[in-house]
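Spelled out, the chains give:
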Amino acid sequence: MSQRYDHDAVEAKWQKKWEEARCFEASEDHSKPKFYGLIEFPYPSGQGLHVGHPLSNTAIDIICRKRRMEGYNVLFPMGYDAFGLPTENYAIKTGIHPAKVTEQNIARFRSQLKRLGFSFDWSREVNTTDPGYYKWTQWIFLKLFEHGLAYKAEIPINFCTSCKVGLANEEVVDGHCERCGGEVVQKVRSQWMLRITAYAQRLIDDLDAVDFIERVKTQQRNWIGRSEGAEVDFALAGTEDKLRVFTTRCDTLFGATYMVMSPEHPYIEKYRDRIENWAEVQAYREAAARKSDFERSELTKEKTGVPLKGLNAVNPATGREIPVWISDYVLMTYGTGAIMAVPAHDTRDYAFAKAFNLPIIEVVAGGDVEKEAFTDCETGRMVNSGFLNGLEVEQAKEKMIAWLEEQGIGARKVNYKLRDWVFSRQRYWGEPIPLVHCEKCGWVPLPESELPLVLPEIDDYTPSDDGSSALSRAKEWIHTTCPKCGGPAERETDTMPNWAGSSWYFLRYCDPHNDKEFASREALDYWMPVDWYNGGMEHTTLHVLYSRFWHKFLYDIGLVPTPEPYQKRTSHGMILGENGEKMSKSRGNVINPDDIVAEMGADSFRLYEMFMGAFDQPKPWSTTSARGCRRFLDRVWRLQDMLSAESGVRDDLKASLHGMIKKVSEDYEAMKYNTAIAAMMSFVNDVYAKGDITKEEFHALLTLLNPVAPHITEELNELLGYETPLYASTWPKWDEAALVASTVELGVQVNGKVRARVTVPAGLSKEETETQVLAAPEVQPWIEGKTVRKVIAVKNIVNIVVA
RNA sequence: GCCGGAAUGAUGGAAUUGGCAGACGUGACGGACUCAAAAUCCGUUGGUAGCGAUACCGUGUGGGUUCAAGUCCCACUUCCGGCACCA
């Protein structure tokens, strides 16, 4: 009898062996085909790993282990995205330097990850807070600056009142800070911005060339929010000025009965003297300024606004004067900050017109504008619209654009919802922005020789009361000389957001110890692009979009070989608590991976996470189900007591074995890990029913199971007497011929209902099958005395239609 | 409101993409082993009726297409994600 399966001993043994053999380190032999598998490097929080990390990691670990067995040179690296607020907040509280906290947290993460047996290439570990790494983050920033893609702007930013830090739009969730949940308000600050909008169209277009799961593509497209339309100039009566608007419905121009400007529109100040109700206007603007973007958009109900008395616009289509209003439903940050209002065909304009009794003119027939706005573009026909009358909406748009261009008062225009990326953080624990401000020369980049610009040692990490970072108090560090003129200059005290280091880390993995370049061109040519990248959906509009943008920029300036960083992007579903709710400390339903590993071992844990359900769907945790996975590994372990005296693959197991090889091979590739594992369970059940297994059959099973449960399978492989460890073995191939059984059981339907089963020899033609089935005794009771109208034989089904 | 995803036994989930619904696991029940328990092994387990073979019903709801629908079409309901006054 074999010994009991002792997961601790087995797993420790093999983890040590792998480390000593360095068998998962990527080779620099560039003649072999490569595979670059990637998972999002974790933020090393104080809490350690949660159950979601191993889900993503195991999924790609399986693919990487399989690829190695298929002969690929595999790069599967790991690192830490370690700049960020929780560490800094902890430092503020305790006074311990964030670098020190980071180091401790990384040590914990590393040991947890090693305990789970992932086949990472640990020799390539990166850490975004290491000056040797962030030197290159700063370097790339300088390249962006050099090419005009980094600029400083006075803009209203999202400001978290609790973190005292500016946030990108992507980091604001329901008017609250994504990280701490604090209230977010608008604050005007001078901020570094990255011109991601310059890449908006390419970020959409190039999605066609990559293999991302569809929901990632759609979500990115929606976030970028392309919309096609036209810009149109409306003359302001009695002035030389034009009020420019953006519209997607220029076909409805004849129906524009008033205009609305955002309360921040510069024309309001400009025409202050003409505005007769200035006090009222000013009061409205002040009230709007006090509201955050969130408040302004949250209360979708009541429309508010004030007319600008004394200022009228002229509808260029009708020549009529129409009033100009201001309202906070028009955003200064989109389009031109002003709109033409067509209440008959826009629901917001309709609500506004109803609230303030403004005229509603129908210009697209087909709805009932007495009741509601008619916004359908498919069925309507133009009316009350001069030269557009009778046209369909799409035709009318084209004709209107042509007319506008001819008149010189408008043009085709594409707008995007995507905004430029607010890149400054008023925080200590981030990459310093390597620029200095000189009175004479303005913003001057540091020369490359001065990189990395290292964070200075300070005692107090708290942001300053004026909202600037703790760095603003490091006077010695701040005061420097201008690299250009040698005069006195000051360093930038804002740091980069934590998305900076993660925007290019996959490049560093290709050549992580290079101190001359961020990565050698040779390494990049060989390894890039990432072949398969798995990560969370929450990063779709943040990290994935940002890193695509950086990568495209680096491609444009000739530093990387591919226009896209990731060839394939997949995403896992969230693991919920046992009660089906999201895991959280406050709900008290958090599962700690350490506990599970201690109880049943890393292999069982990995196996369970892969077996739980569809990889991309959310699914609840169940510790009892996890124990079922442990039970399966116990059954596999005991197969060593069931070794047959025979050898080779026996005929009666051949179909079952090859079926399993095929199923597992294909299902791994499709991330259908749950059904792959079910197939192996079925095979083991077959073996138990049969009573014994040969060494060769067992070895095939172990090879297939190895990517999911690497430790136990290596141990059994060794116990079986195989000298080559599984990690150095070859992935098995299935034999299609072996899959064909000698007989097939057909389900026989009569009028669509299964009535009988008939076993016939395999490989019969359709006609022969039909003849045999109609003659089969099991079928007779159902067709006797009836007319057989039709017989359909498909796959394993024969349907007989009788009357 | 818009864009995605989902709804299948007590339960997590399968179903070769139109072809025998419920694979595999959990739980439950029964049996074997044991002085006993645990562990293990072997069964049973969608519902209703029947001793039974069997019959009828059954994939959120209502219609439809088809020899055949969990799968396709139309109209809904509920839940989960994302976006949201984007002109």
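Placed above this text is the structure.
None of these values were measured; they are calculated from a predicted model.

A.B. asks: Help me out: how do you make sense of the pattern of salt bridges in this one?
C.D. replies: Close approach of charged atoms lets side chains of opposite charge pair. Evaluated as defined, the whole model comprises 53 salt bridges. Here Lys270 ties to Asp241 by a salt bridge, and the two come within 2.7 Å at their closest N and O atoms. You can see Lys270 sitting in helix H8 (residues 266-270) and its partner Asp241 sitting in the loop between strand S11 (226-236) and strand S12 (242-247), a full 29 residues away along the chain. Looking at Lys270, the relative accessible area reads 51%, which means it is exposed.

A.B. asks: Whenever I open this one, the protein's contact with RNA strand B confuses me. Can you help?
C.D. replies: In the vicinity of RNA strand B lie 57 residues, with Thr248, Lys303, Tyr329, Arg348 and Arg757 positioned nearest. A breakdown of the atoms of RNA strand B within 4 Å of the protein gives sugar and phosphate a share of 68%. Separating a base nitrogen of RNA strand B from a side-chain N or O atom of Arg419 is a distance of 3.0 Å.

A.B. asks: Help me understand the packing of aromatic side chains in this model?
C.D. replies: Given two aromatic rings, one states the distance between the centres and the angle between the planes to describe the pair. This structure, assessed with the given rule, holds 45 aromatic pairs. With a centroid separation of 5.6 Å and an interplanar angle of 65°, the aromatic rings of Trp18 and Phe24 are classed as edge-to-face. There is no split in this pair, since Trp18 and Phe24 are both buried. Among the aromatic residues, ring-to-ring pairing joins Phe141, Phe145, Trp192, Tyr199, Trp421, Phe423, Trp443, Trp499, Tyr546, Phe549 and Trp550 into one connected group.

A.B. asks: Looking at this structure, how should I read the side chain of Arg569?
C.D. replies: With respect to the element layout, Arg569 can be found in strand S26 (residues 568-571). Looking at Arg569, its side chain comes within polar contact range of the side chain of Glu40, at 2.7 Å. Separated by 3.1 Å, the side chain of Arg569 and the backbone oxygen of Gly536 make a polar contact. In contact with Arg569, other than residues within four places in its own chain, are Glu40, Asp211, Phe212, Ile213, Val216, Tyr533, Asn534, Gly535, Gly536, His539 and Val544.

A.B. asks: In this structure, what is going on with the packing of helix H1 (residues 7-21) against helix H23 (residues 710-719)? I would like to understand it.
C.D. replies: Relative orientation and spacing of two packed helices are given, respectively, by the angle between their axes and the distance between those axes. It is the contact of H1 with H23, at a shortest axis distance of 9 Å, that shows an interaxial angle of 85°. As summarised for this structure, H1 and H23 are arranged roughly perpendicular, according to the angle between their axes. In this structure, H1 uses Val10, Glu11, Lys13, Trp14, Gln15, Lys17 and Trp18 to contact H23, whose residues at the interface are Pro710, His711, Ile712, Glu714, Glu715 and Glu718. For the contact of H1 with H23, the residue count by class is five nonpolar, two polar and six charged.

A.B. asks: Can you walk me through the sheet that holds strand S31 (residues 788-794) in this structure?
C.D. replies: Backbone-to-backbone hydrogen bonds join strands into a sheet, with any given pair of strands oriented parallel or antiparallel. In spatial order, the strands read S30-S29-S32-S31; together these four strands make up an open sheet with mixed pairing. Looking at the sheet topology across the chains shown, the edges are occupied by strand S30 (753-761) and S31. Each adjacent strand pair in this sheet contributes to an overall mean axis angle of 20°, direction not counted. In the sheet, strand S29 (residues 743-750) pairs with strand S32 (residues 797-802) via four bridges, with the strands oriented parallel. Along S32, the bridge assignment pairs Val748 with Val798. Strand contacts of helix H25 (residues 766-775): S29, S30, S31 and S32, with the helix running at about 125° to S31, the strand carrying the most contacts.

A.B. asks: Would you explain the sheet that holds strand S25 (residues 532-535) in this entry?
C.D. replies: Across the sheet, five strands lie side by side as S2-S1-S25-S26-S10; this open sheet has parallel pairing. Whereas interior strands pair on both sides, the edge strands pair on one side only; in this sheet they are strand S2 (73-75) and strand S10 (211-212). As paired strands, strand S1 (residues 34-39) and S2 are joined by three bridges and run parallel to one another. Within the sheet, the bridge partner assigned to Phe35 lies in S2 and is Val74. Those strands touched by helix H2 (residues 52-69) are S1, S2 and S25, and its axis lies near 170° from that of S1.

A.B. asks: Before we go on, may I ask you to explain the environment of Thr495 in this structure?
C.D. replies: Relative to the assigned elements, Thr495 resides in the loop between strand S24 (488-491) and helix H14 (505-508). Owing to a relative accessible area of 0%, Thr495 belongs among the buried residues under this scheme. Residues Thr495 and Asp273, 222 residues apart in the sequence, show an inter-C-alpha distance of 43 Å. Setting aside residues up to four positions removed in sequence, Thr495 forms contacts with Phe423, Ser424, Arg425, Arg427, Tyr428, Gly430, Glu431, Pro432, Ile433 and Leu471.

A.B. asks: Got a minute to help me understand unusual backbone geometry in this structure?
C.D. replies: Excluding glycine, residues mostly have negative phi values, and the peptide bonds linking residues are mostly trans. A cis amide bond links Leu451 with the next residue in sequence, Pro452, at an omega value of 0°. Here Pro452 lies in the loop between strand S22 (442-445) and helix H13 (475-478). Cis geometry is found at the peptide bond from Met528 to Pro529, where omega equals 0°. Relative to the helices and strands, Pro529 is located in the loop between helix H15 (521-527) and S25. Phi is positive for Arg22, which is not a glycine, with a value near 50°. For Arg22, the location among the structural elements is in the loop between H1 and S1.

A.B. asks: What is the right way to look at the pairing of S26 in this model?
C.D. replies: When a strand is regular, its side chains alternate between the sheet's two faces. Here two bridges tie S10 to S26, and the two strands are oriented parallel to one another. Paired with Phe212 across the strands is Arg569, a residue of S26. Looking at chain direction, S25 and S26 are connected through three bridges and run parallel. Paired with Tyr533 across the strands is Arg569, a residue of S26.

A.B. asks: It is not clear to me how the nonpolar core should be interpreted in this structure. Could you clarify?
C.D. replies: The tendency in soluble globular proteins is for nonpolar side chains to be buried as a group. Membership of the largest hydrophobic core comes to 83 residues, with the highest contact counts inside it found for Tyr36, Phe141 and Trp550. If you tally residues by element for this core, the top one is helix H5 (residues 131-146), at nine residues. Of all hydrophobic cores here, the second largest spans 80 residues; its members include Phe76, Leu116, Val597 and Met681.

A.B. asks: What is the right way to read helix H11 (residues 347-356) from this model?
C.D. replies: One turn of an α-helix holds 3.6 residues; hence residues three or four places apart share an orientation. Taken together, the buried positions of H11 are Asp349, Tyr350, Phe352 and Ala353. Around the axis of H11, the buried residues are gathered within 165° of arc, so they sit on the same side. On its buried side, H11 packs onto strand S13 (258-261), strand S15 (321-326) and strand S16 (338-341). Count one or two residues on from H11 and you reach Asn357, which has phi positive near 60°.

Thresholds applied
- Residues numbered from 1 in each chain as written.
- Chains lettered and ligands numbered in written order.
- Predicted model: local features only at pLDDT ≥ 70, side-chain atom pairs only at ≥ 80, totals over all residues.
- Heavy atoms only, no water.
- Salt bridge = Lys/Arg side-chain N within 4 Å of Asp/Glu carboxyl O.
- Helix = DSSP H or I, 4+ residues; strand = E, 2+ residues; numbered from the N terminus.
- Buried < 20%, exposed > 50% of the residue type's maximum accessible area, 1.4 Å probe, protein only.
- Near = heavy atom within 4 Å.
- Polar contact = N/O pair within 3.5 Å; in protein donor to acceptor, adjacent residues only side chain to side chain.
- Phe/Tyr/Trp six-rings, centres within 6.5 Å; stacked < 30°, edge-to-face > 60°.
- Contact = heavy atoms within 4.5 Å.
- Axes fitted to C-alpha atoms, helices over the stretch in contact; angles between N-to-C directions.
- Parallel < 35°, antiparallel > 145°, perpendicular 65-115°, else oblique.
- Nonpolar A, V, L, I, M, F, W, Y, C, P; charged D, E, K, R; others polar.
- Pairing = 2+ DSSP bridges.
- Core = buried A, V, L, I, M, F, W, Y, C linked by side-chain atoms within 4.5 Å.
- Arc of directions from axis to C-beta.

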